[in-house]
Amino acid sequence: MNGLLLYDTIQTVHEQERLQHLIDAFTRLKIKVVTVQLDQVIRLLETTTKGFFSFAYLFSEDLQLAKALEQGYNLRVYNEETAINIANDRALLSLTLRNEGISHPQTIVLPYVMNQSVLLQWHEVKTMIQPLAFPFLIKERYVSPNQPVYFIRSEEDLLATFQQVGLKPLLAQEYIGPLYRRVIKVLVVFQNAMASYEVISTSQEDVYKNA
């Protein structure tokens, strides 16, 4: 069996080690994988015998690429389009967690009209966020690299934030302080929970424990 291991860029030693761990794991299972950057994979598939690759593993998430590989090249993709879509859309993720009864910070999706500031709906927004006590967080709905999170201590902070990023889809989220916060990540394969671990953030790095 042959597979593709897709990545965007490898910029840190930690990322290189993670990639090598994946390569070693596939090798132990006697599965051959070819590592290739996201922007090179279509060219590779077009010059490779049809059916040579059975699956693709995305080290870096790319929703559109996952969809193209599934529909255009009949590859089994990990993570597949639906999972990536849920992970990258904080509103959809919150809804999914709520429907499954999984505890997470209270999340309120703010109204959005393309190319209009949310300030145009200021009174509706103030009513919507009443259940949240100060301080709370404002986040962009769709996840992207190096994205800021806005810590809102007052109505003045909220107005300033909307003036800065009000043309983007936003959500408000309950703030849970470090003493009461626990972050649990779960590895799911084919809708089955296979493993979980707690993430502890330090000033230098994230530490995984309690696997």
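This text goes with the structure placed above it.
This text gives an overview of the structure that appears in the document. Since this is a predicted model, take the numbers as computed values, not measurements.

### Description of the overall build of the protein
- Within the protein, the secondary structure is distributed over seven helices and eleven strands.
- Referenced to the eigenvectors of the C-alpha coordinate spread, the extents of the protein come out at roughly 60 × 40 × 35 Å.
- Relative to all contacts within the protein whose residues are 6 or more apart in sequence, the contacts with residues 24 or more apart total 54%.
- Carbon and sulfur atoms form 52% of the exposed surface of the protein, whose accessible area is close to 14300 Å².
- Counting 19 positive and 22 negative side-chain charges, the protein places the centres of these two groups 5 Å from one another.

### Topic: the nonpolar core
- Judged by nonpolar contacts, the single largest core of 16 residues is most densely connected at Leu-110, Phe-136, Ile-138, Leu-158 and Phe-162.
- When contributions to this core are tallied by element, the ones reaching two or more residues are helix 6 (122-128), strand 6 (136-140), strand 7 (150-152), helix 7 (155-165) and strand 8 (170-174).
- No other element matches helix 7, which puts three residues into this core.
- What Leu-158 contacts, discounting residues up to four positions off in sequence, is Trp-122, Ile-129, Phe-136, Ile-138 and Ile-152.
- In this structure, Leu-4, Leu-58, Ala-66 and Leu-75 belong to the second largest nonpolar core, which totals 15 residues.

### Quick notes on the pattern of salt bridges
- Scanning all chains against the criterion turns up four salt bridges.
- When the shortest N-O distance is used, the salt bridge between Lys-126 and Glu-155 registers 3.9 Å. Of this pair, Lys-126 sits in helix 6 while Glu-155 sits in helix 7, placing them 29 residues apart in sequence.
- On the basis of relative accessibility, which here comes to 31%, the residue Lys-126 falls in the partly exposed class.
- Using a relative accessible area of 35% as the deciding quantity, one classes Glu-155 as partly exposed.

### Quick notes on unusual backbone geometry
- The amide bond that connects Phe-134 to the next residue, Pro-135, takes the cis arrangement and shows omega of -5°.
- Among the structural elements, Pro-135 can be located in the loop between helix 6 and strand 6.
- Of note in the backbone geometry, Lys-30 takes a positive phi value of approximately 60° without being a glycine.
- By the element assignment, Lys-30 lies in the loop between helix 1 (13-28) and strand 2 (32-37).
- Although it is not a glycine, Asn-115 adopts a positive phi angle of roughly 65°.

### Considering the environment of Ile-138
- Note on placement: Ile-138 falls in strand 6.
- Given the relative accessible area of 0%, Ile-138 is considered buried.
- Along the chain, Ile-138 and Arg-90 lie 48 residues apart, while their C-alpha atoms are 11 Å from each other.

### As for the packing of aromatic side chains
- The full count for this structure, using the stated rule, is seven aromatic pairs.
- On the basis of an interplanar angle of 80° and a centroid distance of 6.1 Å, the ring pair of Trp-122 and Phe-162 is categorised as edge-to-face. One end of the pair, Trp-122, is in helix 6; the other, Phe-162, is in helix 7, and 40 residues separate them in sequence. Each member of the pair, Trp-122 as well as Phe-162, is classed as buried.
- On the basis of an interplanar angle of 80° and a centroid distance of 5.0 Å, the ring pair of Phe-151 and Tyr-175 is categorised as edge-to-face. Of this pair, Phe-151 sits in strand 7 while Tyr-175 is found in the loop between strand 8 and strand 9 (183-189), placing the two residues 24 residues apart along the sequence.
- Take Tyr-175: its relative accessible area is 30%, and that puts it in the partly exposed class.
- Following the ring pairs from residue to residue traces out a cluster consisting of Phe-26, Phe-55, Tyr-57 and Tyr-78.

### Section: the packing of helix 3 (residues 63-72) against helix 4 (residues 81-88)
- Following both chains from N to C, one finds helix 3 and helix 4 inclined at 170°, their axes separated by 9 Å at the closest point. It follows that helix 3 is roughly antiparallel to helix 4 by the angle criterion. Touching Leu-63, Ala-66, Lys-67, Glu-70 and Gln-71 of helix 3 are Glu-81, Ile-84 and Asn-85, all from helix 4.
- For the contact of helix 3 with helix 4, a count of residues per class yields three nonpolar, two polar and three charged.

What counts and how
- Each chain carries its own residue numbering, running from 1 in the direction its sequence is written.
- For this predicted model, a pLDDT threshold of at least 70 governs which residues receive local features, and a threshold of 80 or more governs which side-chain atom pairs are given and counted, while totals over whole chains, interfaces and linings are taken from all residues.
- Side-chain numbers here rest on the full set of heavy atoms in the structure, without hydrogens or water.
- Numbering of helices and strands runs from the N terminus; a helix is a DSSP stretch of H or I covering at least four residues, while a strand is a stretch of E covering at least two.
- Two residues qualify as a contact provided that any one of their heavy atoms is within 4.5 Å of a heavy atom in the partner residue.
- For the accessible areas, the method is Shrake-Rupley and the probe is 1.4 Å, while residue cover comes only from the protein chains on display.
- His is not counted here, nor are the chain ends, while Lys and Arg score as positive and Asp and Glu score as negative.
- Just so you know, the charge point we use is NZ for Lys, CZ for Arg, CG for Asp and CD for Glu.
- Joining through side-chain atoms within 4.5 Å is the link that ties buried Ala, Val, Leu, Ile, Met, Phe, Trp, Tyr and Cys residues into a set, and such a set is a nonpolar core.
- Working definition: with a 1.4 Å probe on protein chains only, accessible area under 20% of the residue-type maximum means buried, over 50% means exposed, and in between means partly exposed.
- One speaks of a salt bridge when a side-chain nitrogen belonging to Lys or Arg is within 4 Å of a carboxyl oxygen belonging to Asp or Glu.
- Here a pair means two rings of Phe, Tyr or Trp (six-membered ring of Trp) with centres within 6.5 Å. Their orientation is stacked below 30 degrees between planes, edge-to-face above 60, and tilted elsewhere.
- Axes, fitted as lines to C-alpha atoms, cover a helix only where it is in contact. Angles between the N-to-C directions of the axes lie from 0 to 180 degrees.
- Roughly parallel means an angle under 35 degrees; roughly antiparallel means over 145; roughly perpendicular covers 65 to 115; every other angle is labelled oblique.
- Here the term charged refers only to Asp, Glu, Lys and Arg, the term nonpolar to Ala, Val, Leu, Ile, Met, Phe, Trp, Tyr, Cys and Pro, and the term polar to all other amino acids, Gly among them.

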